[in-house]
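Results of the structural survey
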Amino acid sequence: MKSENTSKRISLFYLFAVPFLVASAGFGIGKISPAIYLPIWILNVMLMIAACWTIGLNKIRTNRSQVNLLMGSFFLIVPWILISMFFGIGPPPATAASWVETATEQQIRYSMLTTAGIFIAFGFALLKEKLNTDGENFYSLLGIISIMIAIPLFILDMLFWGFTLTDSFKLLVSANADKLPEWFNPLRVLFGMISVVEVALTYLAIAFFAVSMKRVGFISSFSSKIYLLISLFGFMVIVLSAFLPEPFVTAGFAVSIPAAPFLMPYFMGVNMLSKT
């Protein structure tokens, strides 16, 4: 029993540390060779899955009544298992030429984010079913409506960045042009507003689920308040950034980086998995 508790504590520590390690390496070190980051990422994937199994996912073998909660919690963790690869890819390139040079990696980046968004939808859908079974219907319904509107918009946005923008930059570089054609600007404005809507709805969904989970005892009152405050803050910042100048524009960009809104569902998943 003591050994089991030690393994669980180590696994929890690792899972809580991963997002901060990935962010520090991604922004601090920048792009590194695939020969280095791919083996490290594969090892991290295996360690994170093993850690999830240790802290509670293993109960799926014996506790069939909790399948929705266990798998829903795990699906909320999966996005960060995928995007932990970004520690080696670094942030998106700042110029069209650099983007074209790393076109394959950029397409992988946004394909990973698209897949991450799908898992977020799966996770919250399963979580809603469990919340309904335990008697909470109102806030979980508002949450799932919000996330089911947000995720298709998110997927559309990620496909634009990963493929439309990549091909546009290829044309720009091959033509030795200084900038994209004028008609492209309204398209970028459109997808900028799509991003605002989907990010705002994602934060709103997290807030609704935080209240719902607290009402059935999945998380503590304190944790619920933390999730609620951060979500409402993110919601207000991203909405204001669409209409106000700096520093709201920069703040809106920060809270709209996909890893940011996916961070709270990740911690929700780890928290629920460890207490199931």
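Residues numbered from 1 in each chain as written. Predicted model: local features only at pLDDT ≥ 70, side-chain atom pairs only at ≥ 80, totals over all residues. Heavy atoms only, no water.

1. Looking at the pattern of salt bridges
This structure, assessed with the given rule, holds three salt bridges. The partner of aspartate 134 in a salt bridge is lysine 130, and the shortest N-O contact between them spans 3.5 Å. On the basis of relative accessible area, lysine 130 is assigned to the buried category, the value being 10%. Its salt-bridge partner being glutamate 136, residue arginine 215 comes within 4.0 Å of it at the nearest N-O pair. Taken together, the residues span a long stretch of sequence, with arginine 215 in helix α8 (residues 184-215) and glutamate 136 in the loop between α6 (103-133) and α7 (138-174) at a distance of 79 residues. Taking the relative accessible area as the measure of exposure, arginine 215 reaches 55% and is therefore exposed. Of the residues examined, glutamate 136 reaches a relative accessible area of 5% and is grouped as buried. (Salt bridge = Lys/Arg side-chain N within 4 Å of Asp/Glu carboxyl O. Buried < 20%, exposed > 50% of the residue type's maximum accessible area, 1.4 Å probe, protein only. Helix = DSSP H or I, 4+ residues; strand = E, 2+ residues; numbered from the N terminus.)

2. Brief notes about empty space enclosed by the protein
Under the defined criterion, the tally for this structure stands at one cavity of 30 Å³ or more. Of the pockets and cavities examined, the largest cavity occupies roughly 50 Å³. For the largest cavity, the full set of lining residues is Ile151, Phe154, Glu198, Val199, Thr202, Ser256, Pro258, Pro261 and Phe262. Mapped by element, the contributors of at least two residues to the lining of the largest cavity are α7 and α8. With three residues, α8 is the single largest residue contributor to the lining of the largest cavity. A class-by-class count of the residues in the lining of the largest cavity yields six nonpolar, two polar and one charged. (1 Å grid on protein atoms, 1.4 Å probe; cavity = no way out; pocket = protein on both sides within 12 Å on 5 of 7 lines; lining within 4 Å. Points joined across faces, edges and corners; volume = space filled by probe spheres on them. Nonpolar A, V, L, I, M, F, W, Y, C, P; charged D, E, K, R; others polar.)

3. Looking at the nonpolar core
Soluble globular proteins tend to bury their nonpolar side chains together. Counting residues in hydrophobic clusters, the biggest one holds 76 residues, and the most contacted among them are Leu15, Phe124, Leu127, Met213, Tyr266 and Met272. Counting residues per element, this core draws most heavily on α8, which supplies 12 residues. Residues in contact with tyrosine 266, not counting those within four places in the same chain, are Leu15, Phe16, Val18, Pro19, Met48, Leu76, Ile77 and Trp80. (Core = buried A, V, L, I, M, F, W, Y, C linked by side-chain atoms within 4.5 Å. Contact = heavy atoms within 4.5 Å.)

4. Comments concerning the layout of surface pockets
By volume, the largest pocket amounts to about 1300 Å³. For the lining of the largest pocket, the element with the most residues is α8, which contributes eight residues. Here the residues of the lining of the largest pocket sort into 36 nonpolar, seven polar and four charged. In this structure, the second largest pocket is lined by 15 residues; those nearest its centre are Tyr227, Ile230, Leu263, Met264 and Phe267. Contributions of two or more residues to the lining of the second largest pocket are made by α9 (221-241) and α11 (263-275).

5. Points about the packing of helix α3 (residues 67-83) against α6
Between α3 and α6, the least distance of the axes is 7 Å, while the angle of their chain directions is 165°. It follows that α3 is roughly antiparallel to α6 by the angle criterion. Remark: the crossing between α3 and α6 carries left-handed chirality. For the contact of α3 with α6, a count of residues per class yields 17 nonpolar, four polar and two charged. (Axes fitted to C-alpha atoms, helices over the stretch in contact; angles between N-to-C directions. Parallel < 35°, antiparallel > 145°, perpendicular 65-115°, else oblique. Left-handed = near helix turned anticlockwise from the far one by under 90°.)

6. Here's the deal with the side chain of serine 231
You can see serine 231 is positioned in helix α9. From its side chain, serine 231 meets the backbone oxygen of tyrosine 227 in a polar contact 2.7 Å long. If we skip the residues at most four places from it in the chain, serine 231 touches Tyr203, Ile206, Ala207 and Met264. (Polar contact = N/O pair within 3.5 Å; in protein donor to acceptor, adjacent residues only side chain to side chain.)

7. A short note on the packing of aromatic side chains
Under the defined criterion, the tally for this structure stands at 20 aromatic pairs. On the numbers, 5.3 Å between centres and 65° between planes, the contact of phenylalanine 154 with phenylalanine 262 is edge-to-face. On the criterion of sequence distance, the pair formed by phenylalanine 154 in helix α7 and phenylalanine 262 in the loop between α10 (248-256) and α11 is long-range, its members being 108 residues apart. The same class applies to phenylalanine 154 as to phenylalanine 262, namely buried. A centroid spacing of 6.1 Å and a plane angle of 25° characterise the contact between phenylalanine 160 and phenylalanine 184, whose relative ring orientation is stacked. On the criterion of sequence distance, the pair formed by phenylalanine 160 in helix α7 and phenylalanine 184 in helix α8 is long-range, its members being 24 residues apart. Grouped by ring-pair contacts, the aromatic residues Trp99, Tyr110, Phe160, Trp161, Phe169, Trp183, Phe184 and Phe191 constitute a single cluster. (Phe/Tyr/Trp six-rings, centres within 6.5 Å; stacked < 30°, edge-to-face > 60°.)

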